[in-house]
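The residues making up each chain are set out below.
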Amino acid sequence: MMDTQFLTIDPGRLDAPTAVSALQLAAHIIQQGGLVAFPTETVYGLGADALNATAVARIFAAKKRPFFDPLIVHIADATDLPRVARDVPPLAQQLAAHFWPGPLTLVLPRNTAVPDVVTAGGATVAVRCPAHPVARALIRAAGTPIAAPSANRFSHTSPTSAQHVWDDLAGEIELILDGGPTLVGVESTVLDITEETPVVLRPGGVSVEALQAVLPQVVVRRQLAPPGAELPSPGLLERHYAPHTALWLFTGEDAAIRQAILETARAQQANGRAVALLLAEEDLAFFAEGGWETAVGQTAVVGSLNDLEGVARRLFFAMRQLDRLEVSLILARDFPPLGLGLAIHDRLARAAERVIEAARVKGA
Ligand code: TXA
Ligand code: MG
């Protein structure tokens, strides 16, 4: 265990003396091979010098992450791509021009300057240029690309606030930079452009629709493999992003979802099981009419079905909030797979112990 420092930076005032000194300290820690958690626009990252294998190995130890799961390398500008990738195709430049800085990660042929521990020994490297001012200032100040997974314990819910990072990693890392809650709330979209057909390996902060506007031939890798199977992106492990409390995900038509959640909640409660709900605003009237008390802190309302960006922003916060309650089961509604809804669905499905097709439960 070590003492973890916690410093707050206002992302809009990077020239404030406290911000300048915090960034100097953070850059120094990175240069010395230490670990710094920092905000990006998606989730908080746990950073180390991407070109220092010993430093990067410490990330895996702090997170208890298996070495077969490769890391994303963060750069401050697209012009730094050749430092970590090679044979950068024109398509990468084109995508960078459209989506960087921002929540798009590109899988490219790896530059040999990047150590094996970053790429899990693979021939490719995942790279992104984050949009958060603190992240970019840190990478620039450190003067090196920064390898960073999400700053949570392996397979736990990704952190959208510095407090989340503290809860998971205090005592394991040198410094946490607090830049406030993150804006996007789900991780970046991982896009593999090393093969003929560009493939989305993980849906995320850049929607598939936005990618399609630039890249009509893009496909989404939908098939989730069983845990332990060999995967092009080990982030596709089925149980991931999981709260400690069991979560059941309800899919289907809105009316069927509501009915099934209410019936399941009642049945579980009758069995003496304390239940929490993860719902959309539009669900509340139904539960109120059904006599279910949603105003007691056992229900997280993550936003409107018409505002999936807002839902994405609040999703991990809500999952961690419900996880802290004295309940043994979380019942969550699914969201339509449009725009950021695809990433929301993906994270909920991977957090879920069971995925329940609502119509079936209704008749059961
Ligand atoms: O938004 C994000 O991407 C955040 C912030 C901190 O940038 N980072 C993040 O990192 O989510 P992590 O390690 O939690 O997820 C990285 C994903 C994993 O699914 C990993 O398997 C995949 O990217 N990945 C990394 N390198 C890869 C590679 N060379 N080929 C295919 N997938 C790769
Ligand atoms: Mg992660």
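Residues numbered from 1 in each chain as written. Chains lettered and ligands numbered in written order. Predicted model: local features only at pLDDT ≥ 70, side-chain atom pairs only at ≥ 80, totals over all residues. Heavy atoms only, no water.

A.B. asks: Any details on the sheet that holds strand β2 (residues 36-39)? Residues and values, ideally.
C.D. replies: Hydrogen bonds between backbone atoms are what pair the strands of a sheet, whose relative direction is either parallel or antiparallel. Pairing is mixed across the open sheet formed by eleven strands, whose spatial order is β1-β8-β2-β3-β7-β4-β6-β5-β9-β10-β11. Two strands in the sheet have a free side with no partner beyond their single neighbour: β1 (5-8) and β11 (219-220). Across four bridges, the pairing between β2 and strand β3 (residues 44-49) is antiparallel. Its bridge partner being in β3, Phe-38 is matched across the sheet by Gly-45. Packing against the sheet, helix α6 (residues 133-142) makes contact with β2, β4 (72-74), β7 (146-147) and β8 (175-178), and its axis sits at approximately 140° to β2. (Pairing = 2+ DSSP bridges. Helix = DSSP H or I, 4+ residues; strand = E, 2+ residues; numbered from the N terminus. Contact = heavy atoms within 4.5 Å. Axes fitted to C-alpha atoms, helices over the stretch in contact; angles between N-to-C directions.)

A.B. asks: Describe the nonpolar core, with residues and values.
C.D. replies: The biggest cluster of nonpolar side chains holds 46 residues, and the ones touching the most others in it are Leu-95 and Leu-191. Here the element with the most residues in this core is helix α2 (residues 53-63); it accounts for five residues. When residues no more than four places from it in sequence are discounted, the contact partners of Leu-95 are Trp-100, Leu-104, Leu-106, Leu-191, Ile-193, Leu-211, Val-214 and Leu-215. Listed in part, the 30 residues of the second largest apolar core include Val-186, Ala-300, Ile-330 and Ala-343. (Core = buried A, V, L, I, M, F, W, Y, C linked by side-chain atoms within 4.5 Å. Buried < 20%, exposed > 50% of the residue type's maximum accessible area, 1.4 Å probe, protein only.)

A.B. asks: Now, about helix α7 (residues 162-169): what can you tell me, with residues and values included?
C.D. replies: Along α7, the residues classified as buried are Ala-162, His-164, Val-165, Asp-168 and Leu-169. Relative to the axis of α7, the buried residues are bounded by an arc of 155° and lie together on one face. Here the buried face of α7 lies against β1, β2, β3, α2, β8 and α11 (308-323). Following α7 by one or two positions, Gly-171 adopts a phi angle in the positive range, close to 90°. (Arc of directions from axis to C-beta.)

A.B. asks: I'd like a rundown of the sheet that holds strand β13 (residues 275-279), residues and numbers included.
C.D. replies: Strand order in the open sheet formed by five strands is β14-β13-β15-β12-β16, with parallel pairing between adjacent strands. With partners counted over all chains shown, the strands left at the sheet margins are β14 (299-301) and β16 (354-357), one partner each. Strand-to-strand twist in this sheet, taken as the mean axis angle between neighbours without regard to direction, amounts to 20°. Across three bridges, β13 lies against β14 in parallel orientation. Bridge pairing in β14 links Leu-278 to Ala-300. With respect to the sheet, helix α12 (residues 341-351) is in contact with β12 (246-251), β15 (329-333) and β16, its orientation differing from that of β12 by roughly 135°.

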